[in-house]
Amino acid sequence: MADISTGAVLHPGPFVYDIISAGTAHRARSIFDGHILGDQLDVRRCDRHFWDHTPIPETVRHYIRLAGFEGVLDCGYMMLDHALITSLVERWRPETHTFHLPVGETTVTLQDVEVLWGLPIDGPPVIGIDTTHSVQEWMNLCEELLGFSPLMSDFDGRRLKLGCLSRVLDAGLPPDASDVHCRQRARVYLLLLLGGHLLSDKSGNKVPLLYMPLLRDLETVGQYSWGSAILATLYRSLCSATSPYRSSIAGPLMLLQLWAWERIPTVRPDRVHPLEHYPGPYGARWNVQFDVHRVARHVVSIFRDQLTGLRAREFIWQPYSDDILASLPPYCTAGRRIWISATYLICWEVVEPHLSNRVMRQFGYHQPVPDLRLTENQQELHSLDRRGKGNQDWLTAHRAYVEVWTDRHSHVEDGVVAEDPTYPSDEYRQWYRERTVVYVSNPTRQLILPEGFQGDSARTQYLMDAMTQVYYMAETSLTQSDEQHANYFNAMKDFASMTLETVGESSRLAFRPSRVPQQIPQPADPNRVERAPRNVHGGQHGGGRRRRFRSPEPTVQTGLDGRSQATEQQGTSTVPFGHSRSPVLMEAFTPNTDEFHGSGEQHVGGTDAGQSTQALDQRLESQITQIDIVMPAQPRRTQRAHKPRGCGTHGKLGHH
């Protein structure tokens, strides 16, 4: 018989490293290793300043509509579920700008931005010269374009505090306001909208002043591709948040939540009074009262479990039917020609690839194995920022990427229409399975004293994977067995197939499980110490900024014999986590039987007449190495040197 190799350590994936590099530090891997359990990201937003001053007078709203942002106004203010955002970040891959879900790759595209928010996408990129001015020059420009002069304290370098814009709106608009005054007030609203909602950063209360010159001519503002700029910002925010050392995220996260609600029905709330034909963008239908009795809220472990157990029919690949698109305002489909363009998205220093070729099923096409276009320099692009780059001409710096965007109509993907995009080809499924992270939660870890929600999706997935492995082990053994033992292995195959079919997972048998490598690459710097954001952690003045991963909780390891053993995370282990034992070469197993009648019956014949099935299973089990999961030792804590505290005057007032 053929030798059968059994891995001694559960491998989270991927098994092939041509897309996701070996040892890449990612939030998902830290969860698998037990460093992050229920932690959810701090979602930064500062759009209350904007929504507290709505509804907007029609004389001002006219210019916001002219600038192309009326669709966002129609969607209104909505609460963000930080746990849902966090669970989606855990599935995001910076290498491909897609979510790696059990059903395949998927992402937020230009189509989603235009349909949900009605933002313009087919136009020049939002980019230019990041001009440096003195504070007085910025004050003069604000007086001209905004109708007021901010205080010196309202400036923070090349950024303006949103609070001063909010104070201007507090004064209200006179009924007889001139056209110039209405234009100025519209620019104030737009800066609040951009800095606090659409293009927000983790500062939470500031807007870059570089948007000011773009808002000078309100008649031409709507010609820019604001939708692609906002999508680029979302991509960058998601990529940054996947680092296990980050604790917060910002950006247009309401767009991400709307996207998830449209495509994953199991995570969205019910609408009390549905608005199916609202005269606005499709996202406005969620601007209603919610009924949340049937869905989870604000618990990251629940959303993580739901995404782990996501099944094919639980994801909607095409939520926008032709009838829905026909009912929307024209500005929600004006850029339809480039929805499926594989190009670069640009917003000043931010450049992110729009890889529509990886999510063809979202457009109703057959999904082939995607190529690696536009993914070769992701780390270099992610390292770009505006710090220390005053007067930078980003149009020149990003000329190569701008040219690709300018030629976006030539990069529209052409695909083969799929009858049902729910189920991809077996070739794609085999390819994807080998290159994705299979396990975010570790099903082999069992906490001794569990608290809160304890999901079973990871363990269920593990059992289905094991049953698939049993099926192919039996199939391989059939090719090497004689006629006497063929019935035995056929019964194993039938049992595995019937079990998977019973739970609706028979499609797993369409491809062979990947072989587990003998070594699991570890993320670099597992004990790295990062500086946490200011004023987030404890301390009288927001101190305690040193942030470190928690040590994995004590776990219970379960072997194939069903025995459990508590494991403390102390000391060193003889077999470090991430390494498997040598493969076990199984001897040829010959059951003492002439025929197999079914489970629970005895086998008669041979030298051991009357030997039970249980005894045969014990013999088979004895040839398989018991699974040992050894968690990493507790990270060594470094002692921080304490410096003598002074009064903060640096000696200017003499010695004390």
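Naming follows an unreviewed UniProt entry, where the chain appears as Serine/threonine-protein phosphatase 7 long form homolog of Coffea arabica.

Our focus in this paragraph is the overall build of the chain. The number of helices and strands found in the chain is 21 helices and 19 strands. Expressed as a percentage of the 656 residues in the chain, the buried residues total 51%. Per element, the accessible surface of the chain, about 30,900 Å² overall, is 50% carbon and sulfur.

Counting across every chain of the model gives 40 salt bridges. As a salt-bridge pair, Asp201 and Arg159 come within 3.6 Å of each other at their nearest N and O atoms. Taken as a pair, Asp201 in the loop between helix H9 (179-198) and strand S8 (206-208) and Arg159 in strand S7 (residues 159-161) lie far apart in primary sequence, 42 residues in all. Using a relative accessible area of 26% as the deciding quantity, one classes Asp201 as partly exposed. Looking at Arg159, the relative accessible area reads 23%, which means it is partly exposed.

A word on the pairing of strand S3 (residues 98-101). The alternating pattern of S3 places Thr98 and His100 and Phe99 and Leu101 on opposite faces, both of which are buried. Direction of pairing for strand S2 (residues 92-93) relative to S3: antiparallel, over a ladder of two bridges. The partner of Trp92 across the bridge, within S3, is Phe99. Linking two consecutive strands that pair antiparallel, namely S2 and S3, is a turn of four residues; a positive phi of about 55° is found at His97 within it. By the bridge criterion, three bridges tie S3 to strand S4 (residues 104-106) in an arrangement that is antiparallel. Note that in S4 the partner of Phe99 across the bridge is Thr106. The loop that links S3 with its antiparallel partner S4 comprises two residues.

With that out of the way, let us pick up the sheet that holds S4. The strand order across the open sheet formed by three strands is S2-S3-S4, and the pairing between neighbours is antiparallel. Strands at the two margins of the open sheet, each flanked by one partner only, are S2 and S4.

Turning our eyes to something else, we now look at the packing of aromatic side chains. Per the stated rule, a full pass over the model turns up 19 aromatic pairs. Measuring from ring centre to ring centre gives 6.5 Å for Tyr211 and Trp226, while their planes differ by 45°; the resulting arrangement is tilted. With Tyr211 in the loop between S8 and helix H10 (218-221) and Trp226 in helix H11 (residues 226-241), this residue pair connects regions lying 15 residues apart in the sequence. Owing to a relative accessible area of 0%, Trp226 belongs among the buried residues under this scheme. Taken together, Trp92, Phe99, Tyr235, Trp259, Phe315 and Trp317 form an aromatic cluster joined through their ring pairs. Lying over the aromatic face of Tyr77, Arg48 brings its terminal NZ or CZ to 4.1 Å of the ring centre. Stacked on the ring of Trp286, the Lys or Arg Arg271 has its end atom at 5.1 Å from the ring centre.

Our next topic: the environment of Gly157. Within the secondary structure, Gly157 is located in the loop between strand S6 (155-156) and S7. For Gly157 and Pro208, which are 51 residues apart along the polypeptide, the C-alpha to C-alpha distance reads 9.1 Å.

This part is about the state of the cysteines. Per the counting criterion, the structure on display carries zero disulfides. No disulfide involves Cys75; its sulfur sits 8.4 Å from that of Cys332, the nearest cysteine. Relative accessible area serves as the criterion here: at 2%, Cys75 is assigned to the buried category.

Looking at the chain, pLDDT values average 80 and 76% of them are 70 or higher. Within the model, pLDDT remains below 50 along residues 1-8, and this stretch shows 25 contacts once partners closer than five positions in the same chain are excluded.

Attention now moves to unusual backbone geometry. Cis geometry is adopted by the peptide bond preceding Pro14, which originates at Gly13 and carries an omega value of 0°. Mapped onto the secondary structure, Pro14 falls in the segment before helix H1 (27-32). Residue Pro55 is reached from Thr54 by a cis peptide bond, and omega for that bond is 5°. For Pro55, the position within the fold is in the loop between helix H2 (48-51) and helix H3 (58-66). Of note, Trp348 is a non-glycine position whose phi angle comes to about 60°, a positive value. Mapped onto the elements, Trp348 comes out in the loop between strand S12 (343-347) and strand S13 (350-354).

Attention now moves to the pairing of S12. The buried count for S12 comes to five of five residues, which makes it a mostly enclosed element. The pairing of S12 with S13 spans five bridges and is antiparallel. Bridge pairing in S13 places Cys347 opposite Val350. Where S12 folds back onto S13 in an antiparallel hairpin, the turn is made up of two residues, including Trp348, whose phi is positive at roughly 60°.

Here we come to the sheet that holds S7. To summarise the sheet geometry, strands pair through backbone hydrogen bonds and adopt either a parallel or an antiparallel arrangement. Sheet architecture is open: three strands sit in the order S6-S7-S8, paired in antiparallel fashion. This sheet does not close on itself; its edge strands, each paired only once, are S6 and S8. Bridge count between S7 and S8: three bridges; the pairing is antiparallel. Residue pairing across strands places Arg159 opposite Pro208, the latter belonging to S8.

Relative placement of two packed helices is described by the angle separating their axes and the distance separating the axes. In contact at an axis separation of 8 Å, helix H5 (residues 82-91) and helix H13 (residues 300-308) are set at 45° when each is read in the N-to-C sense. If you check the angle between H5 and H13, you find them oblique. In this structure, the crossing between H5 and H13 has a hand that is right-handed. Every residue of H13 that contacts H5 at Ala83, Leu84, Thr86, Ser87, Leu88, Glu90 and Arg91 is listed here: Val300, Phe303, Arg304, Leu307 and Thr308. Residues of the contact of H5 with H13, tallied by class, amount to six nonpolar, three polar and three charged.

The subject of this paragraph is the packing of H3 against H9. At a closest axis distance of 8 Å, the pairing of H3 and H9 adopts a crossing angle of 60°. Classified by the interaxial angle, the pair formed by H3 and H9 is oblique. In this structure, H3 crosses over H9, and the sense of that crossing is right-handed. In this structure, H3 uses Thr59, Val60, Tyr63 and Ile64 to contact H9, whose residues at the interface are Asp179, Cys182, Arg183, Arg185, Ala186, Tyr189 and Leu190. Grouping the amino acids of the contact of H3 with H9 by side-chain chemistry returns seven nonpolar, one polar and three charged.

Reading the values: the criteria
- Residues numbered from 1 in each chain as written.
- Predicted model: local features only at pLDDT ≥ 70, side-chain atom pairs only at ≥ 80, totals over all residues.
- Heavy atoms only, no water.
- Helix = DSSP H or I, 4+ residues; strand = E, 2+ residues; numbered from the N terminus.
- Buried < 20%, exposed > 50% of the residue type's maximum accessible area, 1.4 Å probe, protein only.
- Areas by Shrake-Rupley, 256 points an atom, 1.4 Å probe, with all protein chains shown as cover.
- Salt bridge = Lys/Arg side-chain N within 4 Å of Asp/Glu carboxyl O.
- Pairing = 2+ DSSP bridges.
- Phe/Tyr/Trp six-rings, centres within 6.5 Å; stacked < 30°, edge-to-face > 60°.
- Lys NZ or Arg CZ within 6 Å of the ring centre and 35° of its normal.
- Disulfide = S-S within 2.5 Å.
- pLDDT = per-residue confidence, 0-100.
- Contact = heavy atoms within 4.5 Å.
- Axes fitted to C-alpha atoms, helices over the stretch in contact; angles between N-to-C directions.
- Parallel < 35°, antiparallel > 145°, perpendicular 65-115°, else oblique.
- Left-handed = near helix turned anticlockwise from the far one by under 90°.
- Nonpolar A, V, L, I, M, F, W, Y, C, P; charged D, E, K, R; others polar.

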